Amino acid sequence: MNVHAHAAQRAQAAGISIQGIDLSYGATRVLKSVDLEIEPGEFFAFLGPSGCGKTTLLRLIAGFNVAQAGKVLVGGRDVSTLPPWKRDVGMVFQSYALWPHMSVRRNVAFGLEERGVRRAEVERRVEAALELVGLGHLADRKPSQLSGGQQQRVALARTVVVEPKVLLLDEPLSNLDAKLRVQMRRELLDLQRKLGLTTIFVTHDQEEANTICDRIAVLNEGVVQQVGTPMELYDRPVNLFVAGFLGTANILPGELKSSGGERVFAIAGGGGEVPLPRRELPPMGAKLMFRPQNAAIVPASAPATAGRTRLMGRVSHCEFLGGTVRYVVKIGAAEMLIDVAHQAGEPLLDHGRDVAVDLAVDKLCYLAS
Ligand SMILES: Nc1ncnc2c1ncn2[C@@H]1O[C@H](COP(=O)(O)OP(=O)(O)OP(=O)(O)O)[C@@H](O)[C@H]1O
Ligand SMILES: [Mg+2]
């Protein structure tokens, strides 16, 4: 593929609109009123725990599953009743599903030959697709003679060679070892940017979604919990599930109280009181949530700092993680995790030491489940 072909493909990028999807297997509802809008050219992730419905939703977009209600639009066209091969959608399956008896070249050519593309054209496009994923030199090998990462690239080449408008990737990196996974996710991002293809990437690994995707939909039990950029989801989760799924969170139960004319949140177990936001009151049954880096450990006698509220506690555990030290501080019966950046030569705080914990008031969230 030359530069002009890439530009042409980018111009063709199609948005995806998922509207009111309900899907059940027998009596089990697997997708519940799913609505999503994915922009043309966007790198989008479905993120959620095992069994939450990610693959089911992806297969629905590709045309391998049928919903009981709702529709799917690709590039503004309702494809709900079209078979997979008429949807302009390419899917890379988790298992890659390469033909073991065919060479790399034949695997990539297969889809074009099935579509009746002329032989010279097939050859040209297969070469270009293999070049794109850096496998031109391995075209005559069989899949069994390739590493996991190379097989994954063949699966990608085989999908992009038919020039779909949408690329669907179901946990494409999960078969690779940790180091290769990091390398491949960067390559995948480069490829996606080069082709400008609307891409949906399914994963249950939040780091993977955070590092390569423009926006993420977090799913749980077939329900979309929140859609946003990685940073929006991390900084402003709408509920406790999202807060806990994206990174480490301190989640503390407690109750609303009045104290000295001010409304406060009293942490359960005698953990102390923290101020509530002035404007909006927390939802019913809300818990306090903050990230381990939104608190500081200071000497018990340190003067108060503006914008921070103080709790008194005791160090009960610590883990040296290299760049940071993660402390567990007990405040009443409650425990919280606090991350402190490590400086060379700085000793760890002793277990049992009395400390003050200063919480950044503007970073405190009150969330319901
Ligand atoms: N063909 C099927 N028949 C009945 N139930 C199914 C079928 N396929 C999936 N399910 C159920 O639907 C739910 C969603 O499955 P799905 O494969 O979409 O999950 P997932 O989010 O992709 O999980 P994972 O991260 O483990 O791949 C699960 O509870 C699963 O057991
Ligand atoms: Mg799956």
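Residues numbered from 1 in each chain as written. Chains lettered and ligands numbered in written order. Predicted model: local features only at pLDDT ≥ 70, side-chain atom pairs only at ≥ 80, totals over all residues. Heavy atoms only, no water.

The protein chain is annotated in an unreviewed UniProt entry as ABC transporter ATP-binding protein of Chelatococcus albus. Per UniProt, the comment on the protein chain under Sequence similarities (unreviewed entry) is "Belongs to the ABC transporter superfamily." (UniProt positions renumbered as here; feature names shortened; annotations may be inferred.)

Q: Even after reading the chapter, I still don't get the overall build of the protein chain, so can you show me in this structure?
A: Across its full length, the protein chain holds nine helices and 21 strands. Taken along the three principal axes of its C-alpha coordinates, the protein chain extends 80 × 50 × 40 Å. At a minimum sequence separation of 6, the contacts of the protein chain that also span at least 24 residues come to 64%. Here the protein chain displays about 17900 Å² of accessible surface, and carbon together with sulfur accounts for 51% of that area. The averaged location of the 39 negative side-chain charges in the protein chain is 3 Å from the averaged location of its 42 positive side-chain charges. (Helix = DSSP H or I, 4+ residues; strand = E, 2+ residues; numbered from the N terminus. Contact = heavy atoms within 4.5 Å. Areas by Shrake-Rupley, 256 points an atom, 1.4 Å probe, with all protein chains shown as cover. Lys, Arg positive; Asp, Glu negative; His and termini not counted. Charge placed at Lys NZ, Arg CZ, Asp CG, Glu CD.)

Q: Would you take a moment to explain the packing of aromatic side chains for this structure?
A: For any two aromatic rings, the description comes down to two numbers: the centre-to-centre distance and the angle of the planes. Scanning the model with the defined rule gives six aromatic pairs in all. Ring centres of Phe44 and Phe46 lie 6.1 Å apart, and the angle between their planes is 85°; on these two criteria the pair is classed as edge-to-face. For Phe44, a relative accessible area of 0% gives the class buried. For Phe46, a relative accessible area of 0% gives the class buried. The ring centre of Tyr234 lies 4.0 Å from the NZ or CZ of Arg291, which sits over that ring. (Phe/Tyr/Trp six-rings, centres within 6.5 Å; stacked < 30°, edge-to-face > 60°. Buried < 20%, exposed > 50% of the residue type's maximum accessible area, 1.4 Å probe, protein only. Lys NZ or Arg CZ within 6 Å of the ring centre and 35° of its normal.)

Q: Which parts of the structure should I look at to understand the site of ligand 1?
A: Lining the immediate environment of ligand 1, one finds Tyr25, Val30, Pro49, Ser50, Gly51, Cys52, Gly53, Lys54, Thr55, Thr56, Glu171 and His204. Within the backbone of Gly53, one N or O atom sits 3.0 Å away from an oxygen atom of ligand 1. In this structure, an oxygen atom belonging to ligand 1 sits 2.5 Å away from a side-chain N or O atom of Thr56. Protein chains bury 56% of the 640 Å² of accessible surface belonging to ligand 1 in isolation. Looking at the shell around ligand 1, the element that brings in the most residues is helix 2 (residues 54–62), giving three residues. For the shell around ligand 1, the residue count by class is four nonpolar, six polar and two charged. (Near = heavy atom within 4 Å. Polar contact = N/O pair within 3.5 Å; in protein donor to acceptor, adjacent residues only side chain to side chain. Nonpolar A, V, L, I, M, F, W, Y, C, P; charged D, E, K, R; others polar.)

Q: Which parts of the structure should I look at to understand the sheet that holds strand 2 (residues 28–38)?
A: Hydrogen bonds between backbone atoms are what pair the strands of a sheet, whose relative direction is either parallel or antiparallel. The four strands lie next to each other as 2-1-4-5, forming an open sheet whose pairing is antiparallel. Sheet topology places strand 2 and strand 5 (77–78) at the edges, where each strand pairs with a single neighbour. Of the strands in this sheet, strand 1 (16–25), strand 2 and strand 4 (69–74) are in contact with helix 2, which crosses strand 1 at around 120°. (Pairing = 2+ DSSP bridges. Axes fitted to C-alpha atoms, helices over the stretch in contact; angles between N-to-C directions.)

Q: Is there a simple way to think about the nonpolar core in this case?
A: One recurring pattern in soluble globular proteins: nonpolar side chains tend to sit buried together. Grouped together as the largest cluster of nonpolar side chains are 47 residues, with contacts concentrated most on Val108, Leu130, Leu156, Phe201 and Ile216. Residues within four places of Val108 in sequence aside, it is in contact with Val126, Ala129, Leu130, Val154, Ala157, Arg158 and Val161. Counting residues in each nonpolar core, the second largest holds 29 residues, with Ile21, Val30, Leu58 and Val74 among its members. (Core = buried A, V, L, I, M, F, W, Y, C linked by side-chain atoms within 4.5 Å.)

Q: In this structure, what is going on with the pairing of strand 17 (residues 308–320)? I would like to understand it.
A: Side-chain direction in a regular strand flips from residue to residue, so the side chains alternate between the two faces of the sheet. When strand 17 meets strand 20 (residues 354–360), the two strands line up antiparallel, connected through seven bridges. Directly across from Gly313, in strand 20, lies its bridge partner Val355. Summarising the sheet, strand 17 and strand 18 (residues 324–331) pair through six bridges and their orientation is antiparallel. Across the sheet, Glu319 pairs through a bridge with Arg326, a residue of strand 18. Connecting strand 17 to the next strand, strand 18, in antiparallel fashion are three residues, including Gly322 with a positive phi near 100°.

Q: I tried to follow helix 6 (residues 178–195) on my own but got confused; where do I start?
A: Helical geometry note: an α-helix holds 3.6 residues per turn, so side chains three or four residues apart project in the same direction. Taking 1.5 Å of rise per residue, 18 residues should cover 26 Å, and helix 6 covers 26 Å from first to last C-alpha, within 8% of that figure. For helix 6, the full list of buried residues reads Leu180, Met184, Arg185, Leu188, Leu191, Gln192 and Leu195. One side of helix 6 carries all its buried residues, which in axial view fall inside an arc of 135°. In this structure, helix 6 carries Lys179 and Arg186 as exposed residues pointing more than 90 degrees from its buried face. The first or second residue beyond helix 6 is Gly196, which carries a positive phi of 60°. (Expected span 1.5 Å × (residues − 1). Arc of directions from axis to C-beta.)

Q: Any chance you could explain the pattern of salt bridges here in plain terms?
A: Close approach of charged atoms allows side chains of opposite charge to pair. In total, this model carries 19 salt bridges according to the counting rule given. Across the pair Lys363 and Asp362 runs a salt bridge, and its minimum N-O distance is 3.7 Å. Given a relative accessible area of 64%, Asp362 falls into the exposed group. Linked through salt bridges whose partners overlap, the residues forming this network are Arg77, Asp88 and Lys165. (Salt bridge = Lys/Arg side-chain N within 4 Å of Asp/Glu carboxyl O.)

Q: Would you take a moment to explain the UniProt feature "domain: ABC transporter" (unreviewed entry) in the protein chain for this structure?
A: Mapped onto the present numbering, the UniProt feature "domain: ABC transporter" (unreviewed entry) falls on residues 16–246. End-to-end, the C-alpha atoms of residues 16–246 are 25 Å apart, and along that stretch the chain is 36% helix and 26% strand.

Q: Could you clarify how one ought to interpret the environment of Leu321 in this entry?
A: Counting through the fold element by element, Leu321 comes out in the loop between strand 17 and strand 18. For Leu321, a relative accessible area of 48% corresponds to the partly exposed category. For the pair Leu321 and Thr28, spaced 293 residues apart in the sequence, the C-alpha separation amounts to 43 Å.

Q: In this structure, what is going on with the domain arrangement of the protein chain? I would like to understand it.
A: Interfaces are often sized by the amount of accessible area the parts lose when they come together. Taken domain by domain, the protein chain comprises domain 1 (3–245) and domain 2 (250–367). Look at where the C-alpha atoms of domain 1 and domain 2 centre, and you get two points 41 Å apart. Listed per partner, the contact involves eight residues of domain 1 and seven residues of domain 2. When the buried surface of domain 1 facing domain 2 is broken down by residue, Tyr234, Leu240 and Ala243 rank first, second and third, together holding 75% of it. Where domain 1 packs against domain 2, one counts zero salt bridges. Our enumeration of links across domain 1 and domain 2 arrives at three residue pairs in polar contact (both at pLDDT 80 or more). (Domains from an automatic or database assignment. Buried area = accessible area lost by both parts, 1.4 Å probe.)

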